[in-house]
Amino acid sequence: MYNKTKRIRMLYLPSVLLAVTICCYAVQAQVVKQLPVQSMTNQVNWQTFMRSSDLIYDTLTSKWTAGLFTGNGLLGNTIYMKDANTLRIDIGRTDVRDHRRDTVLGPLFSKARLPIGYFILKPQGKPLKIKARLDIWDAVAKGEMRTEKGQIYWRSWTQANQNIIIFQVATSAGENKISWTFHPAVAQSPRLAFHPELKSKYKANPGPVTHFQKDDPYCVQPLSAGGGYTTAWKEVQTKSVEEARWLTDLQTTAPFFALKEPRQNKQPLTIRTYYISIGNDQKDWSNSIREAKANIQTAMKTDITGLRSKHSFWWHHYYTKSFISIPDPVLNSFYWIQMYKLGAASRKNKPLIDLMGPWMASTPWPGNWWNLNTELTYSPLYTANHLGISSVLMHTLSKNEANLSLNVPRQFQYNSAGLGRAGGPDMIAPLKLTGSDKDTSNPESDLELGDLTWNLYYGWLQYRYTMDTTVLSKLYPILRKNINYYLHLAKKGTDGYYHLPYSYSPEYPKGITRDANYALSLFKWGCQTLLKANKILNKKDVLVPKWEEILQSLTPYPTDENGLRIGGDVPFAKSHRHYSHLLMIYPLHLMTCSDTANRSLIAKSLQHWHSMPGALQGYSFTGGASIYALMGEGDKALDYLKTLIHKFVKPNTMYTESGPVIETPLAAATSVQELLLQSYNDIIRVFPAVPGAWADVSFDHLRTEGAFLISAVYKDHQTRWVKVKATVDGICTINPGFDAAAHVHLRSARGRLRQQDLISQQNSGLVNFSKDMAKGTYQIKMQKGEEMLLYTDKTDLNIPLGPVAFKSHSALNFFGKKHFK
């Protein structure tokens, strides 16, 4: 529509725009006054804003699920009480694993995460009062303990840019003789405690050896398979100073944190700083000693103030990559604690997050699960604009490409790849699907056909949210091999459709079925995505006709009067915590509410799933919330999130099912994002499902498909303005959430813009603004670095982007308090 002559465009463009279904909007003819650019810039006072989300404790208990936790993507600690008189500091390192070659008991024993141990701090007197706070803005845990004999103040963090844990203690005179000791854990798979019948088959690792040399203690844990890990620590004591400089940060948060009882006469304090590090080497345990000691020596070259400054700098930069503010203080806090948790659990070039992150605890799940847990764990990172952390998943898939081929039966390994239910980060998890009816005699865990494909979906998101073709180039060959495995198994029936043989729909009791909806939806998504990737990368793949044939002739999803079935042979007739049969709805978006028939099927399937609540768990409610958000049912989605928080989430926002499983609260953060912004099937949707109780919402620099950063303000139940920033060249297709009848204006977010300026840019292809009346979407052609603003009323541009007010009488700092159990 921009190929007419310049004269025609100049004179007749306004009338042409009104006459066509797809309309192009030019800005008004008069000079536009300077836009209030400051309003478009995030006005948040981050420290004040984040303080309302800190975890605050009126006391500490002996429960791991109520502890304070810190981490840097590799090391971490959890602080709680060992008993009524003793503070306990668990330490962990995410790559400390066994690496046995035996396969008798499987990878959850031979390649299991191993517990390292804990320190205890024991006061001289009986504790009378304890308070603590997890400051998530500065990523520091801190607390106070008043005992019969004096005062103890402590703070701890895991250094953001070095592999060191800092624990500082300040004691008054009566508590100067506190004891500090390390207690190594038994180096065995934690799963053994849940399966004692296997003890006779499990060969123990050697015991730990603790050394005390020149006040330089360390504990070595050798492993039977070779190598081992070392915990080292160093105490530095400052004698009798009147005030500890670092205690000033306690005073600044006194209304929220400090004990009200003042220190008597400002008694002198003794300061102890403990530097803790963990070394790990799978070949030579002596290297782990050198690593741990070197980490401590390196850290001690910088004073504590300098370490804290570097630590805070990393965290402050991390948080400000994106911003969300909602008027519900509990859900707002919950969201930001999950962002803290992700920054503490993983980093770019650090290990993949498993079911625990760096916070080891008693668990039957000491590994990586590929049929939901990994996927949900990484799901909030893309919209939150934390693509460095999310890149770890695609890196792990690419690094283990050869192992993924070894997971399929031997006859398919030449061109295929797959992934079983669980294992270690090497992604060795064999499948036993051959297409034979005899497959049904194999364990269910060996028959989950879609697990690799679901993980690759998040590799696709890594590409879509960056538009980096180097990511796609790494994804393409793995996805191609994975879909080849389906092609070996799929057979065309007499009905003319391709069908899949027996496979297992994750978690469903006796869920082995032909044409499992889990596998069908992922097979369809894989073929669609390969066709897109082939075109983008100009591969001219010989398999294109086959993928197109599959999409034309793949059997429809099995359904019945209750909605989507588990598969062709198995109805949904039992309570089921997993939404494996609904992946075509979420997160794959193959079936959407844009079609009336689909909407009815989606609603029926969701309602039937949750009509049998017996087996539902936390992530059942995050999945339900996300599907309701896709339907625009924000109130129902919010109800699901509230149920999750009040029924399943622990005081420190961790989640357990027999042991810690990290994914569910993180998936809930994704559900929160989807109330405010959705991005799928090439359309960005702003404020698609804001709950009715939320009058005001704002967000900044949330990332979408196409690598756009979106900022927006919702005021008095209406979208007021939306800003789009392009991080690469591309066309942004967006539903900005305005009233359908409203006239939407487009402006450059950088200030002055005349009609002639816009037309000139249109001529050069820099700006293209059009509306699809049927879909209610707008298209903006943008160049990298460009920012465009959409609004309906110019006065709305004076509404600043920043924190919205919480509802009156709402409790702040909901998490961590003793009353929440």
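Residue indices begin from 1 for each chain and proceed along its sequence in written order. Only residues with pLDDT of at least 70 get local features here, since the model is predicted, and only at 80 or more are side-chain atom pairs given and counted; chain-wide, interface and lining totals rely on the full set of residues. The side-chain quantities take in all heavy atoms of the structure and omit both hydrogens and water.

K.L.:
Can you break down the overall build of the chain residue by residue, with the values?
P.N.:
Broken down by element type, the chain carries 20 helices and 36 strands. Contacts are residue-level and defined by heavy atoms, with any inter-residue pair within 4.5 Å sufficient. Considering only residue pairs separated by 6 or more positions, the chain has 70% of its internal contacts joining residues 24 or more positions apart. Carbon and sulfur atoms make up 50% of the accessible area of the chain, which amounts to about 31,700 Å² in all. Helical segments are the DSSP runs of H or I of at least four residues, strand segments are the runs of E of at least two, and each set is numbered from the N terminus. The Shrake-Rupley method, run with a 1.4 Å probe, gives the accessible areas here. Residue values count only the displayed protein chains as cover.

K.L.:
Go over the packing of helix α18 (residues 634-647) against helix α19 (residues 663-676), please, and point to the residues and values.
P.N.:
The N-to-C vectors of α18 and α19 enclose an angle of 160°; their axes lie 11 Å apart at closest approach. On the basis of their axis angle, the class for α18 and α19 is roughly antiparallel. The handedness of the crossing between α18 and α19 is left-handed. Contacts between α18 and α19 involve G634, A637, L641 and L644 on the former and, on the latter, T664, A668, S671, V672 and L675. When its residues are assigned to classes, the contact of α18 with α19 shows six nonpolar, three polar and no charged. Note on definitions: angles span 0 to 180 degrees between N-to-C directions of axes, and those axes are lines fitted to C-alpha atoms, for helices only across the stretch in contact. Angles are sorted into four bins: roughly parallel if under 35 degrees, roughly antiparallel if over 145, roughly perpendicular if 65 to 115, and oblique for all others. Note on convention: near helix rotated counterclockwise from far helix by under a right angle means a left-handed crossing. Clockwise means right-handed. Polar here means any residue other than Ala, Val, Leu, Ile, Met, Phe, Trp, Tyr, Cys and Pro, which are nonpolar, and Asp, Glu, Lys and Arg, which are charged; Gly is therefore polar.

K.L.:
Report on the sheet that holds strand β36 (residues 787-791), specifying residues and quantitative values.
P.N.:
Picture the strands of a sheet paired through backbone hydrogen bonds; they go either parallel or antiparallel. Here six strands make up an open sheet; going across it, the order is β16-β29-β30-β31-β36-β33 and the pairing antiparallel. Every interior strand has two partners, whereas the edge strands, β16 (323-325) and β33 (745-748), have only one. With strand direction ignored, the average angle separating the axes of adjacent strands in the sheet is 20°. Two strands are said to pair when DSSP picks up at least two bridges between them.

K.L.:
Could you give me a rundown of the side chain of T777, with the residues and numbers involved?
P.N.:
Turning to its location among the elements, T777 is positioned in strand β35 (residues 777-782). Apart from residues lying up to four places away in sequence, T777 is in contact with I683, T733, I734, N735, S770, K771 and D772.

K.L.:
Break down the confidence of the model for the chain for me, citing the residues and quoting the values.
P.N.:
With 89% of its residues at a pLDDT of 70 or more, the chain has an overall mean of 90. The predictor reports its confidence for every residue as pLDDT, a score running from 0 up to 100. Across residues 250-263, confidence stays below pLDDT 50; counting only partners more than four residues off in sequence or on other chains, it has 33 contacts.

K.L.:
Which residues make up the pairing of strand β4 (residues 75-83), and what are the values?
P.N.:
With a 1.4 Å probe rolled over the protein chains alone, any residue whose accessible area is under 20% of its type maximum counts as buried; one over 50% counts as exposed, and the rest are partly exposed. For β4, the buried fraction is high: seven of the nine residues fall into the buried class. Bridge count between strand β3 (residues 68-71) and β4: four bridges; the pairing is antiparallel. Paired with L68 across the bridge in β4 is I79. Taking the residues between adjacent antiparallel strands as the criterion, β3 and β4 are bridged by three residues, where G73 takes a positive phi near 90°.

K.L.:
Residues and numbers for the packing of aromatic side chains, please.
P.N.:
Note on aromatic pairs: the rings of Phe, Tyr and Trp (six-membered ring only in Trp) are paired at centre separations within 6.5 Å, and the planes decide the class, stacked below 30 degrees, edge-to-face beyond 60, tilted for the rest. The full count for this structure, using the stated rule, is 46 aromatic pairs. Ring geometry for W46 against W137: centres 5.9 Å apart, planes inclined by 10°, an arrangement best described as stacked. Pair noted here: W46 is in helix α3 (residues 46-51) and W137 is in the loop between β7 (127-135) and β8 (140-147), with a separation of 91 residues, a long-range link. Ring centres 5.6 Å apart and planes at 85° place the aromatic pair W46 and W336 in the edge-to-face group. Pair noted here: W46 is in helix α3 and W336 is in helix α8 (residues 329-345), with a separation of 290 residues, a long-range link. On the basis of relative accessible area, W336 is assigned to the buried category, the value being 1%. For a Lys NZ or an Arg CZ to count as sitting over a ring, it must be within 6 Å of the ring centre and within 35 degrees of the ring normal. R88 extends its terminal NZ or CZ atom over the ring of Y118, reaching a point 3.8 Å from the ring centre. Taking the ring centre of W314 as reference, the NZ or CZ of R347 above it sits at 3.4 Å.

K.L.:
I'd like to hear about unusual backbone geometry, residue by residue, with values.
P.N.:
Note the cis peptide between Y586 and P587, where omega equals 10°. Structurally, the position occupied by P587 is in the loop between β24 (563-564) and α16 (596-610). The backbone of K510 shows a phi angle near 55°, a positive value even though the residue is not glycine. Position of K510 among the secondary structure elements: in the loop between β21 (503-504) and β22 (512-513). The exposure class of K510 is exposed, given its relative accessible area of 69%. Positive phi outside glycine occurs at S658, with the angle close to 75°.

K.L.:
Let's hear about the sheet that holds strand β5 (residues 86-93): which residues, and what values?
P.N.:
Read across the open sheet, the five strands follow the order β3-β4-β5-β6-β11; overall the sheet is antiparallel. Strands with a single pairing partner mark the edges of an open sheet, and in this sheet they are β3 and β11 (179-184). Direction aside, neighbouring strands of the sheet carry axes that sit 20° apart on average. For β5 and strand β6 (residues 117-122), the ladder comprises five bridges, and the chain directions are antiparallel. Bridge assignment links D90 to a residue of β6, and that residue is Y118.

K.L.:
Please provide a residue-by-residue account of the pattern of salt bridges, values included.
P.N.:
By salt bridge we mean one thing: a side-chain nitrogen of Lys or Arg within 4 Å of a carboxyl oxygen of Asp or Glu. The tally for this structure, following the rule as stated, stands at 28 salt bridges. R93 is paired through a salt bridge with D95; the nearest N and O atoms lie 2.6 Å apart. Residue class for R93 comes out buried when judged on its relative accessible area of 6%. A salt bridge links R421 to E448, with the nearest nitrogen and oxygen atoms 2.9 Å apart. Residue R421 is located in the loop between α11 (401-406) and β18 (422-423), and its partner E448 is located in the loop between β18 and α12 (451-464); the two are separated by 27 residues in the primary sequence. Here R421 falls in the partly exposed class, since its relative accessible area comes to 23%. Here E448 falls in the buried class, since its relative accessible area comes to 0%.

K.L.:
Please set out the packing of helix α7 (residues 304-319) against α8 residue by residue, giving values where relevant.
P.N.:
Between α7 and α8, the least distance of the axes is 11 Å, while the angle of their chain directions is 125°. Between α7 and α8, the angle is such that the two are oblique. In the packing of α7 onto α8, the handedness of the crossing is right-handed. Residues W314, W315, Y318 and Y319 of α7 pack against W336, M339, Y340, L342, G343 and A344 of α8.

K.L.:
So what's going on with α8? Which residues, and what values?
P.N.:
What a helix is expected to span follows from its residue count: subtract one and scale by 1.5 Å. Its 17 residues place the ends of α8 24 Å apart at the C-alpha level, agreeing with the 24 Å of an ideal helix rising 1.5 Å per residue. Among the 17 residues in α8, 17 count as buried, and that is most of the element. We call two N or O atoms a polar contact when they sit within 3.5 Å, provided that within protein one can donate a hydrogen and the other can accept it, with sequence-adjacent residues counted only if both atoms are side-chain atoms. Where α8 begins, one side-chain oxygen reaches toward the backbone nitrogen of V330, 3.0 Å away; that side chain belongs to D328.

K.L.:
Summarise the environment of A132; cite the residues concerned and give the values.
P.N.:
For A132, the position within the fold is in strand β7. Look at A132 and you get buried, because its relative accessible area is 1%. Separated by 685 residues in the primary sequence, A132 and K817 place their C-alpha atoms 9.5 Å from one another.

K.L.:
Can you lay out the environment of P358 for me, pointing to particular residues and giving the numbers?
P.N.:
Structurally, P358 can be placed in the loop between α8 and β17 (368-369). Considered as a pair, P358 and A345 are 13 residues apart in the sequence and their alpha carbons are 6.1 Å apart. When near neighbours in sequence (up to four residues on either side) are disregarded, P358 contacts L74, L75, G76, G92, R93, T94, R113, A344 and A345.

K.L.:
I'd like to hear about the pairing of strand β13 (residues 218-222), residue by residue, with values.
P.N.:
For β13, the buried fraction is high: five of the five residues fall into the buried class. The pairing of strand β12 (residues 209-211) with β13 spans three bridges and is antiparallel. Its bridge partner being in β13, H211 is matched across the sheet by Y218. Turn length for the β12-β13 hairpin, with the two strands adjacent in sequence and antiparallel, is six residues, and the turn residue K214 shows positive phi of about 50°.

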